[in-house]
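# Secondary and tertiary structure notes
Chain residues, written in single-letter form:
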Amino acid sequence: MDNTQTSPTTTVVAEQEAEESVAPLPFRFEWTTGQMRLTFTADTDLPVILSGVSDTDSAVARTMQPIVELIATGDGRARTTTRFTNTGVGSRLRYASHAESVHDGAAELEVVQRDPHTGLEVTTTFTASPALAAARVKTTVVNTSATPVILEAVSSFSAGAFVYPGESTKDLLLHSGTGEQLAEFRWTTQALWSQKNLADFNSANMNQPGRGGVEKVSTSTWSTARALPTGALENKATGRSFAWQIEHNGGWRWEVDNVREDEDSVALVLLGPEDLDHHWSHKLAPGEAFTSVPVSFAVSGDGFVGVIAELTRHRRWLRRHQNADTSSLLVFNDYMNTINGDPTTEKLLPLIQEAAAAGAECFCIDAGWYDDTAAGDWWPSVGEWLPSARRFPDGGLARVVSAIRDAGMGVGIWLEPEVIGVDSPVAQQLPDGAFLQRHGHRVTEHKRYFLDLRHPAARAHLDTTFDRLITTFGIDFFKLDYNVTPGPGTDFEAFSVGAGLLGHNRAHLDWFAGLRRRYPNVVFENCSSGAMRADFAMLELFDFQSTSDQEDFRLYPAIAAGAPVQMLPEQAGNWAYPQSWMTQEEIAFTMVTGLSGRLYASGYLNRMNPDQLELVHDAYRQFKVIRDNIAASTPSWPAGLPQWYADTIALTLSGPEADLLYIWNRGDENSEISLDLGDGVHAGQLVEIYPRTLAPWDVTDGPGNTVLMRPGISGATARVYTIPRG
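What counts, and where the lines are drawn
- Residues numbered from 1 in each chain as written.
- Predicted model: local features only at pLDDT ≥ 70, side-chain atom pairs only at ≥ 80, totals over all residues.
- Heavy atoms only, no water.
- Phe/Tyr/Trp six-rings, centres within 6.5 Å; stacked < 30°, edge-to-face > 60°.
- Helix = DSSP H or I, 4+ residues; strand = E, 2+ residues; numbered from the N terminus.
- Buried < 20%, exposed > 50% of the residue type's maximum accessible area, 1.4 Å probe, protein only.
- Expected span 1.5 Å × (residues − 1).
- Core = buried A, V, L, I, M, F, W, Y, C linked by side-chain atoms within 4.5 Å.
- Contact = heavy atoms within 4.5 Å.
- 1 Å grid on protein atoms, 1.4 Å probe; cavity = no way out; pocket = protein on both sides within 12 Å on 5 of 7 lines; lining within 4 Å.
- Points joined across faces, edges and corners; volume = space filled by probe spheres on them.
- Nonpolar A, V, L, I, M, F, W, Y, C, P; charged D, E, K, R; others polar.

## Re the packing of aromatic side chains
Throughout the structure, instances matching the rule amount to 37 aromatic pairs. Centre to centre, the rings of tyrosine 370 and tryptophan 385 are 5.0 Å apart; their planes meet at 90°, and the pair counts as edge-to-face. Of this pair, tyrosine 370 sits in the loop between strand 22 (362-365) and helix 7 (396-406) while tryptophan 385 sits in the loop between strand 22 and helix 7, and the two are 15 residues apart along the sequence. Considered together, tyrosine 370 and tryptophan 385 belong to a single accessibility category, that of buried residues.

Structural data, given as structure tokens:
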């Protein structure tokens, strides 16, 4: 971090008093981080409003959306709706003060407001890098009254400055995503004002605010299992864009709402758990404080691609102190389309040798290594995490670990730490208080109990488990899974089930951060049942994320190409699982998927012939060449955002050394692919770096700034090109 950059500044700008106004003069204050300017409007008769946000200018919108929405029991909303705008406390908050500072290279702004009716004092904190047009935001509520206040919703951040003078609200596009298991990271772009989304009902004529909205909600602890906590608004006419992410490993909600018209036509509200969707309420005693889950936003004048690039850089900045995996460790995992959770010494030893020969740097033994049941049904018995004697005779698991080390690789192992099987002896050893509960019963899903990491016994069990595995086997890498969810939460020692779950979610992050501090050189993967918990609260702490459990190599590219909207490219662990029954083109196809982010290797390499293995070995070599460039890259989509049913999918990762272009084609030999690679890029600049040994595609210049590709091959085929800089 360059600490010599321009320090953020705040300025106060007096507004002209409206004609015949008897109210005290309102004022504006600006916070400039070096790359971003935020303009706030404060008034004695209104809450604080973020009236301008830009990376290029100081435009101000006539929005009325406050920066905080807050609901308390007995107070509710100022206007009847089920949205989270026009909240009672939120509408009564009034400016008290603001202050800016710099800590550890981070710029910080605190805006304080008070509600005289409830005695709540609310502080909104913005934290940003001076080098970026992005910020993290959280809201803290303190009860300064003499009586308890029951909170039902506290926004992390809300804003309405999306349409500026001379712009049309009808030019706004909404980008949002779906995270369905095995079909993750599917993104759509729609007109915000449309049949499906918001309607213009002539607010001025009705003298009514809007009550409609686009609402995305996640419940329980699979935070990315359906809707995704990331989105963006783009002005298709000007390119002015605003992207956001909610950074929470539990329930959340974001909504883009219809407010009134023109510059006051749209509101965005970002929340963690709340009462309506998540059974969350929190009793705030006098003097106590509650802080919302963090969220982040980024701005750009260069459209969706520009704002996702800025959000990508912001994510890296937030992770600047995570350094266990600076080289993007190349991990071979025995699970996907290979051993599939049934490891034995006999099955593993040949794979270990071939993985090492291919160039893997770590070998991970996936699920099942602890199972001693004759039927191999380890699902209801997990939790003790002791190696199986039946699966690993003649030397036990230690023999397999030694084989991995002798082959020159680090040792990895799978664990699902947050659950205890109903048949596990640990289920009886731990007290009931160590488990999530409702109505006096342990929460049970699919023959699993859930540890409550607020409880010291639950944390001690996990600490002992990791200490033992690392001490005994010298584990270098953990794949941490999470395959079941507990519903709305726990009512044990909690004011509400949602508050209990939030407490557990936060305790989980705190426990894991402590584990990382104790073992700073161990690499951790966040699996979570194939990206069902791929939120940034997790990804800020973990090294990488497996992007799916999708076993069909032909379907995976749409997932891999969409993942960089949600996560850093170097964190996108895309499986490549070549098999002996595949054609050479199909092997190249799955390897290109792996190369398009963080290569996550699998497949029965020990069953492949030399020509097939050479394709695999070359992909591993190429990953080691390009991985540093990937780890500094930003994504774009030269054929548009990936579509699940499209014949062609394309992704560009633009790094400091070169642009990496990934193309997958699932059409026939007559397919013609048109790519927009930007001004000045022509066909002659593209250099194929993988697979190289197969027939090259025909690459020519097309009309305008396009490049045309003709694979000339039917079925699954893919290539990686580099476009050098300069």
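Next comes the rest of the description.
## Some thoughts on helix 14 (residues 584-595)
Because an α-helix completes one turn every 3.6 residues, residues spaced three or four positions apart along the sequence face the same direction. Between the first and last C-alpha of helix 14 there are 16 Å, a value that for 12 residues agrees with the 16 Å anticipated at 1.5 Å per step. Taken as a whole, helix 14 has its buried residues at Glu585, Glu586, Ile587, Ala588, Phe589, Thr590, Met591, Val592, Thr593, Gly594 and Leu595.

## Some remarks on the nonpolar core
Counting residues in each nonpolar core, the largest one holds 146 residues, and the members touching the most others are Phe363, Trp369, Phe478, Tyr620 and Tyr662. Here this core takes eight residues from helix 15 (residues 610-630), the largest share from any one element. With near-sequence residues (within four places) excluded, tyrosine 620 lies in contact with Leu330, Phe332, Ala355, Ala358, Gly359, Ala360, Met591, Leu599, Ala601 and Leu605. Counting residues in each nonpolar core, the second largest holds 62 residues, with Ala42, Val48, Trp254 and Val293 among its members.

## Concerning the layout of surface pockets
Taken as a whole, the largest pocket encloses approximately 650 Å³ of empty space. Along its surface, the largest pocket is lined by 26 residues, and Arg136, Lys138, Glu247, Pro294 and Glu540 are the ones closest to its centre. Counting only elements with at least two residues in the lining of the largest pocket, the list comes to strand 7 (106-115), strand 8 (120-128), strand 9 (134-143), helix 4 (303-318) and helix 10 (497-518). Here the element with the most residues in the lining of the largest pocket is helix 10; it accounts for four residues. A breakdown of the residues in the lining of the largest pocket according to their chemical character gives 11 nonpolar, seven polar and eight charged.

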